[in-house]
Amino acid sequence: MAIQIIFNLLIAVMWMFLSETYTVLSFFIGLFIGMGLLFFLRRFVPDIFYVVRLYRIIKLNLIFLRELILSSVSIVALAYKPKLDIEPGIFALPIELKSSWEIALLGNLISLTPGTLSVAVADDNSKIYIHAMDLPDVEASITEIKETFEKAIMEVTR
Amino acid sequence: MIDIIISLLLLLGTFFILSGSLGILRFPDVYTRLHAATKAATLGVAGVLLGSFLYLLFDQGIVSGKLLLGIVFVLITAPISGHMISRAAYNSGVELWDKTKRDHLKNESK
């Protein structure tokens, strides 16, 4: 991915020199031309087309934002509830992510999603222990996190 | 028009911070309190910072990158501090609330 971005920036700068207009606009025109070139030559460039990956990163951010707003609303609703009828608990989430920064990212996302807070990571990085505010069904919580976050993170990093 | 958006953002932000503080006071144990501290407060601070960013942008004509960076840093650091505090609490033996149903972490070696 990094090499594709460098190529694209180089093409953009080259375009500025070729057209001899050193403005932001011509830089962006060059950027788009470079994007097109990389797209048509993607068979010869290693790794997948970086705009796809960029799109996935943006998608991950949007998921994150949506979950943050949802979780804040649910926590506020609980804070004003006259009677606390919740069932908190700690459950273990088995994870497939390997590298430590993926796990850190997942832990962060979990902490900001509705009703969950990452408490600890197992020593062999195979599980994350999560404290849940209201835990009627463990399996449902596990599949929800796996379906949304772990998948989105894997799309970005693999 | 933009005034309304700015005021709405500031009011919502302060509302979330206030509710978060209320949650910290009301919830029974340290883990549930951390839920309130990490989530509601994060969104509240982000709302206030975004509101002040828009105010500076449209009223004073200043693009304040610091405010946007502030949002990013709060988003990154709040869950980490929540994680660290809860882990430290668990490892030093802070009790869970009586009504807690499950504790899968109990039998694991730490």
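Criteria and thresholds
- Residues numbered from 1 in each chain as written.
- Chains lettered and ligands numbered in written order.
- Predicted model: local features only at pLDDT ≥ 70, side-chain atom pairs only at ≥ 80, totals over all residues.
- Heavy atoms only, no water.
- Salt bridge = Lys/Arg side-chain N within 4 Å of Asp/Glu carboxyl O.
- Domains from an automatic or database assignment.
- Contact = heavy atoms within 4.5 Å.
- Polar contact = N/O pair within 3.5 Å; in protein donor to acceptor, adjacent residues only side chain to side chain.
- Helix = DSSP H or I, 4+ residues; strand = E, 2+ residues; numbered from the N terminus.
- Nonpolar A, V, L, I, M, F, W, Y, C, P; charged D, E, K, R; others polar.
- Phe/Tyr/Trp six-rings, centres within 6.5 Å; stacked < 30°, edge-to-face > 60°.
- Buried < 20%, exposed > 50% of the residue type's maximum accessible area, 1.4 Å probe, protein only.
- Axes fitted to C-alpha atoms, helices over the stretch in contact; angles between N-to-C directions.
- Parallel < 35°, antiparallel > 145°, perpendicular 65-115°, else oblique.
- Left-handed = near helix turned anticlockwise from the far one by under 90°.

**Some thoughts on the pattern of salt bridges**
Tallied over the entire structure, the rule returns one salt bridge over all chains. With a closest N to O distance of 2.9 Å, R66 of chain A and E67 of chain A form a salt bridge.

**Remarks on the domain arrangement of chain A**
Here chain A is described as being made up of domain 1 (2-40) and domain 2 (55-157). A C-alpha centroid distance of 39 Å is found between domain 1 of chain A and domain 2 of chain A.

**Let's talk about the interface of chain B and chain A**
It is common to give the size of an interface as the accessible area lost on bringing the parts into contact. Listed as interface residues are 39 residues of chain B and, on the opposing side, 42 residues of chain A. At the junction of chain B and chain A, the tally comes to zero salt bridges. Joining chain B to chain A, the criterion identifies five residue pairs in polar contact (both at pLDDT 80 or more). Counting residues per element, the ones that place at least two in the side of chain B that touches chain A are α1 (2-26), α2 (30-60) and α3 (65-91) of chain B. If you tally residues by element for the side of chain B that touches chain A, the top one is α2 of chain B, at 10 residues. Of the residues that constitute the side of chain B that touches chain A, the class distribution is 19 nonpolar, 11 polar and nine charged.

**A closer look at the packing of aromatic side chains**
Taken as a whole, this structure holds six aromatic pairs over all chains when the rule is applied. Consider the rings of Y80 of chain A and F15 of chain B, whose centres lie 6.0 Å apart with planes at 10°: the pair is stacked. Taken as a pair, Y80 of chain A in the loop between α3 (50-79) and β1 (89-94) and F15 of chain B in helix α1 lie in two separate chains rather than in one. Taking the centre distance of 6.3 Å and the plane angle of 55° together, the rings of Y31 of chain B and Y90 of chain B count as tilted. You can see Y31 of chain B sitting in helix α2 and its partner Y90 of chain B sitting in helix α3, a full 59 residues away along the chain. With a relative accessible area of 11%, Y90 of chain B lands in the buried category. An aromatic cluster is built from Y80 of chain A together with F15 and F16 of chain B, whose rings are joined through pairwise contacts.

**Quick word on the packing of α3 of chain A against α2 of chain B**
Between α3 of chain A and α2 of chain B, whose axes approach to 9 Å, the crossing angle comes to 120°. As summarised for this structure, α3 of chain A and α2 of chain B are arranged oblique, according to the angle between their axes. Seen along the crossing, α3 of chain A lies across α2 of chain B with a hand that is left-handed. Contacts from L68, I69, S71, S72, I75 and V76 of chain A in α3 of chain A reach H35, A36, K39, A40 and L43 of chain B in α2 of chain B. When grouped by side-chain class, the residues that make up the contact of α3 of chain A with α2 of chain B number seven nonpolar, three polar and one charged.

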